[in-house]
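Read off the chains here:
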Amino acid sequence: MSLSRRQFLAASATVASAGFGAAIDPIKRPGDKPDLKLALAAYSMRQFLDLKKPTMTLFEFIDLAADLPLDAVELTSYYWTETTDAYAEKLKAHATKKKLAISGVPVGNNFCVRDEAKYKLEIQKVKDWVVRAAKVGATTVRIFAGGLDKGDTLESAQQRVVAAINECCEVAEKHGVLLALENHGGITDTPEHLLDLVKPVKSKALGVNIDTGNFKTTDPYADIAKIAPYGVVSQVKTEVYPDGKIQDADLARVVKILKDANFHGFVALEYEGKDDPKVAVPKHVKELRKLISG
C-alpha cells in the first residue's frame, strides 16, 4: 500500500513537531497509539542481489515480498542496477502494482573521512540518493556516520558528520524525504554518541534509524529503548549482541519497545542470520506481523 501525500506530510509534520533543532527531545507522535507498518529490507536477500554475481533483481525481490504479509519493501541502494530516472520509475511502478509501498532507500556512506575530496563525494552520494528515493516515493534514506580515521579525534569527526548531515538535510527537505541516522558502530556505538550527532542538526528532515541488532553493549534492549523515541524508521534483526556475543533476539521484546515509544513508521526486517533467507525470512515476517498486529 502506497502512502498518500497526506499521510507522508503527516509523518513529516510529526518529525518537524519534535523540533529537530533541539533533536534530543523525543518526537511528538500523533495520538497515543503506535502505528507500525511492516517492511522487508532488500539486504535480507543480499546473497542473491549482490551485483557482482546477481541471481535476483530488485523486481524479483518485490515479487517475493508481495507473497508475504508486508506493507512495504526497503530497496537498499547497493542493489540498484541503474541510477536512472527511468529505472526508479519502473521500480516504483512495480511496487505499486504489487500493492507495496517503498519504505526507504538505505545508503552506505562515511561522513567521518578527513580527506576533503572524499568527504565531498560522500556528501554528494547521499544527496543523489535522496533525489532517487524521492523518485520512487520512499519516505526515508538511511545514512551512516562512519568511524574514526587513524589519528582523528571524536570531537573533530562529530563536527564533520554534523556539518555533512546539515548539508544533506537541505536537499532532503526540498524533496520531502527524511534522513535516518543509524546506530551502526563507529561513532554511533552507544545511544549517547548517536544522539550527540542528532542534537546539533537544525532540520526537520532528520530522525533516527533504529537498528535493533547493532548495539554491542551490555544491555542492547535498554539502548534500543533509549533511541526509540527519536526513530522515524527501524530495521529489525533476528539477533542481538550483548557485550558483543550473539544471541537470538527476543522479537516480542523489540516490538514492545517500539510500541512503548509510540513509534510511528516502517519496521523493516533485515535478516542477517545463518539460515537460508528464502526459508527464514517468511517465518520471521509472519512472526513480526503477528507481534505488530497484537
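These figures come from a predicted structure and were not determined experimentally.

Student: Residue-level account of the nonpolar core, with values.
Tutor: In this structure, L58, F61, W80 and L179 are the most contacted members of the largest nonpolar core, which totals 86 residues. The biggest single contributor to this core is helix α6 (residues 154-175), with nine residues. In this structure L58 touches A42, L49, L75, Y79, W80, Y87 and L91, once residues within four positions along its chain are discounted. Counting residues in hydrophobic clusters, the runner-up holds 10 residues, among them L178, A180, V233 and F266.

Student: Give me the packing of aromatic side chains: which residues, what numbers.
Tutor: For the coordinates displayed, the defined rule picks out four aromatic pairs. Seen in terms of ring centroids, F59 and Y87 are 5.8 Å apart; in terms of plane orientation they differ by 85°. Their pairing is edge-to-face. Of the two residues, F59 sits in helix α3 (residues 58-66) while Y87 sits in helix α4 (residues 85-97), which places them 28 residues apart along the sequence. On the basis of relative accessible area, Y87 is assigned to the buried category, the value being 6%.

Student: Lay out the confidence of the model for the chain in plain terms, naming residues and giving numbers.
Tutor: Mean pLDDT for the chain: 92, with 91% of residues reaching 70 or above. Across residues 1-24, confidence stays below pLDDT 50; counting only partners more than four residues off in sequence or on other chains, it has 50 contacts.

Student: A description of helix α5 (residues 116-135) should follow, citing residues and the corresponding values.
Tutor: Taking 1.5 Å of rise per residue, 20 residues should cover 28 Å, and α5 covers 29 Å from first to last C-alpha, within 8% of that figure. Tucked into the core, α5 has its buried residues touching β4 (140-143), α6 and β5 (178-182). The positive-phi residue at the C-terminal boundary of α5 is G137, with phi of around 80°.

Student: Give me empty space enclosed by the protein: which residues, what numbers.
Tutor: If a probe as big as a water molecule is rolled over the atoms, it shows which places are left empty. Taken as a whole and assessed by the stated rule, the structure comprises one cavity of 30 Å³ or more. As for the largest cavity, its lining consists of E74, G104, V105, P106, T140, V141, R142, N209 and V233. Top element by residues in the lining of the largest cavity is β4. It accounts for three residues. Of the residues that constitute the lining of the largest cavity, the class distribution is four nonpolar, three polar and two charged.

Conventions and cut-offs
- Residues numbered from 1 in each chain as written.
- Predicted model: local features only at pLDDT ≥ 70, side-chain atom pairs only at ≥ 80, totals over all residues.
- Heavy atoms only, no water.
- Core = buried A, V, L, I, M, F, W, Y, C linked by side-chain atoms within 4.5 Å.
- Buried < 20%, exposed > 50% of the residue type's maximum accessible area, 1.4 Å probe, protein only.
- Helix = DSSP H or I, 4+ residues; strand = E, 2+ residues; numbered from the N terminus.
- Contact = heavy atoms within 4.5 Å.
- Phe/Tyr/Trp six-rings, centres within 6.5 Å; stacked < 30°, edge-to-face > 60°.
- pLDDT = per-residue confidence, 0-100.
- Expected span 1.5 Å × (residues − 1).
- 1 Å grid on protein atoms, 1.4 Å probe; cavity = no way out; pocket = protein on both sides within 12 Å on 5 of 7 lines; lining within 4 Å.
- Points joined across faces, edges and corners; volume = space filled by probe spheres on them.
- Nonpolar A, V, L, I, M, F, W, Y, C, P; charged D, E, K, R; others polar.

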